[in-house]
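# Structural overview
Each chain is listed here by its residues.
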Amino acid sequence: MTPSRIHRLSLTHFRNYRAASVSTRGDVVVLVGPNGAGKTNCLEAISFLAPGRGLRRATLEDVADNQGEGSWAVSAEVEGALGLSTLGTGIEAPAQGGESVSRRCRIDREPVGSAAAFGDHLRMVWLTPAMDGLFMGAASERRRFFDRLVLAIDSEHSSRVSALERSLRSRNRLLEVRNYDDHWCGAIERETAELAVAVAATRGQTAARLSAMLRERAQGSAFPSAEIALDGWIENALLSEPATAVEDRYREILRLSRARDAAAGRTLDGPHLTDLQVVYAPKNMPARDASTGEQKALLIGLVLAHATLVAEMTGIVPLLLLDEVVAHLDPNRRKALFDELAKLGAQVWMTGADPAAFVDIGANGEIFDVEAGRISRRG
Ligand SMILES: Nc1ncnc2c1ncn2[C@@H]1O[C@H](COP(=O)(O)OP(=O)(O)OP(=O)(O)O)[C@@H](O)[C@H]1O
Ligand SMILES: [Mg+2]
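Keep in mind it's a predicted model, so treat the numbers as computed, not measured.

## Examining the overall build of the chain
A tally of regular secondary structure across the chain gives nine helices and 17 strands. The C-alpha atoms of the chain give a radius of gyration of 22 Å, which matches the 21 Å a tight globule of 379 residues would have. If one aligns the C-alpha atoms of the chain with their principal axes, the spans along those axes are about 70 × 55 × 35 Å. Intrachain contacts of the chain at a sequence separation of at least 6 include 69% that bridge at least 24 residues. Accessible area for the chain stands at about 17,200 Å²; split by element, carbon and sulfur atoms hold 48% of it.

Next comes the structure, spelled out in structure tokens:
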């Protein structure tokens, strides 16, 4: 099993970093510094070395240094599934005409079509404070969270999800027209159903495998186990029925609900509405009813199980980005987290405002001080 490791990371005009770089030696990288120093920004920069919109779901323009000209770049020397390579991504300064910018991705300085290609080298998984409200929040957040888990396994998943959203938008727009063309609508629905089944199938398989992994790990982990299930009929139907049958059924539903959907202004059935149900297994209660600390521990357990699954399925141990996770744990759980991470064999980037949280990090840990967009090794 190959771990994904960053040996050197360089940031140029990325949020509050003008030009910064970090060289790491080992598997445990700790960033400490005061609020607003740039710790989360650094993890966010790393998260752009994966497909998708990064860990804050920011736009490409938003992450550019607001003191700069609009361009930004992140590059990393990584040791991954294909040996040593240099991954780079970023945008050039947006043109004055206001046309939309696109993300450039390079591997060993050669342009590649999209960030999905980074998946051949490196996989990653993250946990941030923004995910704390996951179990209380909207279904859309849990769906996005789960799609992110799927994406770490299948690098093409986000492009299929985007294609499904585009297809649904085309249908909704067409239904707004009073005398739309039936054949045209049927053609869009055929595409929608095809994409819906593709998206739902990968989700359903991932949910089944992750459930099994969670059960397998339940005994040996210091973190509580979750029971997960997808609340979406297409995902569930695909587990026992042929894809063509499910696709036909969904296409028929779309056809029959044109008037209803036109009145609503949106499509009222489909995998774009799927929710992820999570149960706090030790107490057999919905995760949303668990305490704040229980929910946090549950999320950590979920992320560790997912990282193990990514390793098992892709052969690449994912990089872990843990933003402000350690400070919330009691000393026993903290120790358990460090032990479980070591067992996983992943490179982990952790942040915290308080250096005291990392005293038992062990000899493997490298501590860096972050201060006003500068990163320096603690000597
Ligand atoms: N596009 C941008 N250009 C320049 N600076 C930015 C940009 N976006 C955010 N910042 C600044 O980056 C700073 C650091 O943010 P970051 O979230 O990384 O801090 P942090 O070290 O994680 O702090 P905390 O401990 O509070 O989580 C903030 O003060 C923010 O104002
Ligand atoms: Mg932060």
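Next comes the rest of the description.
## So, the sheet that holds strand β16 (residues 365-371)
Hydrogen bonds between backbone groups are what pair the strands of a sheet, and the pairing can be parallel or antiparallel. The mixed open sheet is built from six strands, whose spatial order is β9-β14-β15-β4-β16-β17. Of all strands in the sheet, those with a lone pairing partner are β9 (124-127) and β17 (374-377), marking the two edges. Neighbour-to-neighbour, the strand axes of the sheet open up by a mean angle of 20°, direction not taken into account. Pairing between strand β14 (residues 319-322) and strand β15 (residues 348-352): three bridges, direction parallel. Paired with L320 across the two strands is V348, which belongs to β15. In the packing of helix α1 (residues 39-47) onto the sheet, contacts are made with β4 (28-32), β9, β14, β15, β16 and β17, and the angle to β15 comes to roughly 155°.

## Considering the packing of aromatic side chains
Per the counting criterion, the structure on display carries four aromatic pairs. With 5.3 Å between their ring centres and 80° between their planes, F14 and W72 make a pair best called edge-to-face. Here W72 lies in strand β5 (residues 72-80) and F14 lies in strand β2 (residues 5-14), a separation of 58 residues in the sequence. Of the two residues examined, F14 and W72, each falls in the buried class. Put simply, the rings of F14, F48 and W72 touch in pairs and so form one group of aromatic residues.

## A few points about helix α2 (residues 139-153)
The first and last C-alpha atoms of α2 sit 22 Å apart over 15 residues, in line with the 21 Å expected at 1.5 Å per residue. Of all 15 residues making up α2, 11 are buried, and the element is well covered by its neighbours. Listed in full, the buried residues belonging to α2 are R142, R143, F145, F146, D147, R148, L149, V150, L151, A152 and I153. Looking at the buried side of α2, the elements it contacts are β9, α3 (157-176), α4 (182-217), β10 (226-231), β11 (275-280) and α8 (292-314).

## Description of the environment of G38
Its place among the elements puts G38 in the loop between β4 and α1. Among the residues examined, G38 registers a relative accessible area of 6% and is labelled buried. Each C-alpha atom of the pair G38 and Y17 lies 7.6 Å from the other, and the pair is 21 residues apart in sequence. In this structure, G38 is in contact with N16, Y17 and V370, ignoring residues within four places of it in sequence.

## Comments concerning the nonpolar core
In terms of nonpolar packing, the biggest core is built from 98 residues, with L9, L337, W349 and M350 touching the most fellow members. Take this core: its biggest share by element is 12 residues, from α8. When near neighbours in sequence (up to four residues on either side) are disregarded, M350 contacts V28, V29, V30, L31, L322, V326, F338, F358 and I361. One finds A163, L168, L195 and Y250 within the second-largest nonpolar core, a separate group that totals 16 residues.

## Concerning the sheet that holds β10
The sheet built from three strands is open, its strands ordered β10-β11-β12 with antiparallel pairing. Looking at which strands have only one partner, the edges of the open sheet turn out to be β10 and β12 (285-286). Judged from the two bridges that link them, β11 and β12 form a sheet pairing that is antiparallel. Each bridged residue has a counterpart across the sheet, and for V279 the counterpart in β12 is P286.

## Considering the site of ligand 1
Taken together, the neighbourhood of ligand 1 is formed by 16 residues, with G36, K39, T40, R56 and A64 sitting nearest. At 2.9 Å, a backbone N or O of G38 approaches an oxygen atom of ligand 1. One of the backbone nitrogen or oxygen atoms of N41 is found 2.8 Å away from an oxygen atom of ligand 1. Notes on ligand 1: free accessible area 660 Å², of which the protein chains cover 72%.

## Brief notes about the pattern of salt bridges
Counted by the stated rule, this structure contains 24 salt bridges. Between E44 and R15 there is a salt bridge, with its nearest N and O atoms 2.5 Å apart. On the criterion of sequence distance, the pair formed by E44 in helix α1 and R15 in the loop between β2 and β3 (17-23) is long-range, its members being 29 residues apart. R255 is the partner of E252 in a salt bridge, and the nearest nitrogen-oxygen pair spans 2.8 Å. With E252 and R255 both in helix α6 (residues 243-256) and three residues apart, this pair spans about one turn of that helix. Sharing partners across several salt bridges, the network here consists of R171, D182, E189, R258, R260 and D261.

Cut-offs and rules
- Residues numbered from 1 in each chain as written.
- Chains lettered and ligands numbered in written order.
- Predicted model: local features only at pLDDT ≥ 70, side-chain atom pairs only at ≥ 80, totals over all residues.
- Heavy atoms only, no water.
- Helix = DSSP H or I, 4+ residues; strand = E, 2+ residues; numbered from the N terminus.
- Rg over C-alpha atoms; globule rule 2.2 N^0.38 Å.
- Contact = heavy atoms within 4.5 Å.
- Areas by Shrake-Rupley, 256 points an atom, 1.4 Å probe, with all protein chains shown as cover.
- Pairing = 2+ DSSP bridges.
- Axes fitted to C-alpha atoms, helices over the stretch in contact; angles between N-to-C directions.
- Phe/Tyr/Trp six-rings, centres within 6.5 Å; stacked < 30°, edge-to-face > 60°.
- Buried < 20%, exposed > 50% of the residue type's maximum accessible area, 1.4 Å probe, protein only.
- Expected span 1.5 Å × (residues − 1).
- Core = buried A, V, L, I, M, F, W, Y, C linked by side-chain atoms within 4.5 Å.
- Near = heavy atom within 4 Å.
- Polar contact = N/O pair within 3.5 Å; in protein donor to acceptor, adjacent residues only side chain to side chain.
- Salt bridge = Lys/Arg side-chain N within 4 Å of Asp/Glu carboxyl O.

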